[in-house]
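Read off the chains here:
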Amino acid sequence: MAEELISENAGKISGHLTKSLLAVALLSSFGSSMLYGYNLAVVNSPAQYIKAFYNETLLERHDQPPDEHLLTVLYSITVSIFAIGGMTGALLVGRLVTKYGRKGTLVRSTMLVFVGGAMMGFSRWFRNPAMVIGGRFITGVHSGICLSVVPMYLGEIAPKNLRGFLGLVPSIHICLGVFIAQVLGLSELLGKEEYWPLLLALVVFPTAIQLMLLPWFPESPRYLLIEKGNIHATIAALKWFRSKGNIQAEIEEMQEEQRSLSSIQTLSVGRLLVDSCVRWQVITIVVVNIGMQLSGIDAIWFYTNDIFRNAGIPEPHIQYTTVGTGAIEVIAGMLGCFTIERVGRRPLIIGGFLFMGVCCAGITVSVLHQAQLPFMSYISVGCVIGIIAGFCIGPAGVPFLITAELFKQSHRPSAYTVAGCLNWLSNFTIGFVFPFLQEATGPYCYLIFCTVCLGVAIYAIFIIPETKNKTFLEISQMFASRNKIPSEELASNGHLKMSLMNGYGTLGIREEK
């Protein structure tokens, strides 16, 4: 009966891809998600110039040159402070989207990019390294906010049959942002010493376009109706995003969700972590989200040039090799997006992590033997490309997807908070620790990443079920025995109630009074 209700509602609220939907998806991703990818990779090309700037300014202030260790610490902070800002932004999302709405939060958060971009752009003029670090932190806060808000906004404005397609637009823009940073970092373009502040400050231009155009688009209809109770604004927003279709069916669906919220309480992060009913779901998102960042992909993004240099690639060729990896990343990301609904979640995440683990081990072996066997330098480059391709095909997107799928409506917001904080914290750890780890262990550091990748793959093989085409109730039942909860209790002492949260069609439980 419940499954029939899902199918019936899904049919009613299906829609077409309109110009308005496509425009807002591209615009919100262009000015937000793309900046995250850009900021991940943009510090790679001008690394030597940033270190030189730090050396010059410290010498001017203290009349003696700083030691190399201090410069390494300052550059590591410059790279990793972006993740601290991201974690700060992730913690602010709940309050911001409730107070200002989804689109309102995106529009207001653009101010952070202008402040951070200006600080980085004028840092050399003011001879202040702290402005670079501070600008990176502020842009990190912006990315931490937008990485959650953009998918939330697009998911709420999209008809059910297009939610997956539109939800992939931000991830493709992240890959595109990395690629653009690598292209602009070429020595023929902005990869020169005099241009590195401009390279860091270019983030203001996509944001300016977003700020000029995004306010003209409507707010999320679900936010307007469910949280603000404004039926007239909701109808106007739906008409804007739908060229045709049954708007009344969508409004009825939202009203059903609104009624269901009164009987389903959202859990706090603390209660989520101690809830035995979702213990293995929580462990799963912890494993996959930490594994996603500790797989070595952030080290590849942050320090690509250094990795290729240590692999023996001639200095003039390094920048072009890096750009090539960025193009492969975009292609692999699109391949993963178009195959995930065909092959399922498990094959992509297991295969991706296994392939990355093999490639990490390959880097260690090739670097150790490249002095005796010159062709090994090409093997190491191939392994770097393999890590990027393996990551973008599966591990890059599946953790975000299964975080939604493993939890019911009442647990999902806190689950995303936990997942987001773990992502950014792990991102910071790799960005800060990797240069010291590489200095201490040399090529053997990639064996650590290999171990992490293989560990996550083994966990996925034995623990994570296939969630493709499964309802949230079915997924909960799949974890019931592992959580030591009889599966019949999921539907006993109560009746199934349809609670369409963000249009996912979840099945919640409401006890009989």
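Everything below is about the structure shown above.
Here is a short report on the structure shown in this document. Remember, predicted model here, so these are calculated numbers, not experimental data.

Scoring rules and cut-offs
- Residues numbered from 1 in each chain as written.
- Predicted model: local features only at pLDDT ≥ 70, side-chain atom pairs only at ≥ 80, totals over all residues.
- Heavy atoms only, no water.
- Core = buried A, V, L, I, M, F, W, Y, C linked by side-chain atoms within 4.5 Å.
- Buried < 20%, exposed > 50% of the residue type's maximum accessible area, 1.4 Å probe, protein only.
- Contact = heavy atoms within 4.5 Å.
- Helix = DSSP H or I, 4+ residues; strand = E, 2+ residues; numbered from the N terminus.
- Phe/Tyr/Trp six-rings, centres within 6.5 Å; stacked < 30°, edge-to-face > 60°.
- Lys NZ or Arg CZ within 6 Å of the ring centre and 35° of its normal.
- Salt bridge = Lys/Arg side-chain N within 4 Å of Asp/Glu carboxyl O.
- Axes fitted to C-alpha atoms, helices over the stretch in contact; angles between N-to-C directions.
- Parallel < 35°, antiparallel > 145°, perpendicular 65-115°, else oblique.
- Left-handed = near helix turned anticlockwise from the far one by under 90°.
- Nonpolar A, V, L, I, M, F, W, Y, C, P; charged D, E, K, R; others polar.
- Expected span 1.5 Å × (residues − 1).
- Polar contact = N/O pair within 3.5 Å; in protein donor to acceptor, adjacent residues only side chain to side chain.
- Disulfide = S-S within 2.5 Å.

Notes on the nonpolar core
Nonpolar side chains in soluble globular proteins generally cluster together in the buried interior.
No. 1: Core analysis: the biggest nonpolar cluster contains 55 residues, and Ile387 and Phe407 have the highest contact counts within it.
No. 2: The residues touching isoleucine 387, leaving out its near neighbours within four places in the chain, are Ile297, Ile300, Met356, Cys359, Cys360 and Ile363.
No. 3: Within the second largest apolar cluster, 29 residues are counted, among which are Tyr38, Leu58, Tyr75 and Val204.

A look at the environment of lysine 228
No. 1: Counting through the fold element by element, lysine 228 comes out in the loop between α11 (221-227) and α12 (231-241).
No. 2: Each C-alpha atom of the pair lysine 228 and threonine 98 lies 9.6 Å from the other, and the pair is 130 residues apart in sequence.
No. 3: When sequence neighbours within four positions are dropped, the list of residues in contact with lysine 228 reads Thr98, Lys99 and Tyr223.

A few points about the packing of aromatic side chains
No. 1: Applying the stated criterion to the full structure yields eight aromatic pairs.
No. 2: Directly above the aromatic system of tyrosine 75 lies the positively charged group of lysine 51, at a separation of 5.1 Å from the ring centroid.

As for the pattern of salt bridges
No. 1: All told, the structure shown has one salt bridge when counted by the stated rule.
No. 2: When the shortest N-O distance is used, the salt bridge between glutamate 56 and arginine 127 registers 3.4 Å. You can see glutamate 56 sitting in helix α3 (residues 47-62) and its partner arginine 127 sitting in the loop between α6 (123-126) and α7 (129-157), a full 71 residues away along the chain.
No. 3: A relative accessible area of 33% means that glutamate 56 is categorised as partly exposed.
No. 4: Here arginine 127 falls in the partly exposed class, since its relative accessible area comes to 27%.

A closer look at the packing of helix α4 (residues 68-100) against α7
No. 1: Look at α4 against α7: their axes get within 6 Å of each other, and the N-to-C directions meet at 40 degrees. Judged on the interaxial angle alone, α7 and α4 are oblique. Crossing of α4 over α7 shows right-handed handedness.
No. 2: The class makeup of the residues in the contact of α4 with α7 is 17 nonpolar, ten polar and one charged.

A closer look at helix α23 (residues 445-462)
No. 1: Taking 1.5 Å per residue, 18 residues should reach 26 Å; α23 reaches 27 Å between its end C-alpha atoms and fits that length.
No. 2: Along α23, the residues classified as buried are Cys445, Tyr446, Phe449, Cys450, Cys453, Val456, Ala457, Tyr459 and Ala460.

Things to note about the side chain of arginine 242
No. 1: Along the chain, the position of arginine 242 falls in the loop between α12 and α13 (247-261).
No. 2: Residue class for arginine 242 comes out buried when judged on its relative accessible area of 7%.
No. 3: Separated by 2.8 Å, the side chain of arginine 242 and the backbone oxygen of isoleucine 157 make a polar contact.
No. 4: Contacts of arginine 242, omitting those with residues within four sequence positions, involve Thr18, Leu21, Ile157, Ala158, Pro159 and Glu250.

Here's the deal with the state of the cysteines
No. 1: Counted according to the given criterion, the structure contains zero disulfides.
No. 2: With no disulfide of its own, cysteine 392 lies closest to cysteine 175 among cysteine sulfurs, the gap being 4.4 Å.
No. 3: Here cysteine 445 is not disulfide-linked; the sulfur of cysteine 360 is the nearest cysteine sulfur, at 9.0 Å.
No. 4: Looking at cysteine 445, the relative accessible area reads 0%, which means it is buried.

Overview of the packing of α4 against helix α5 (residues 102-121)
No. 1: Running from amino to carboxyl end, α4 crosses α5 at an angle of 110 degrees, the nearest separation of the two axes being 7 Å. When the axis of α4 is compared with that of α5, the two are roughly perpendicular. As α4 packs across α5, the resulting crossing turns out to be right-handed. Residues Leu96, Val97 and Tyr100 of α4 form the contact with α5, whose participating residues are Arg102, Gly104, Thr105 and Arg108.
No. 2: Across the contact of α4 with α5, the residue classes tally to three nonpolar, two polar and two charged.

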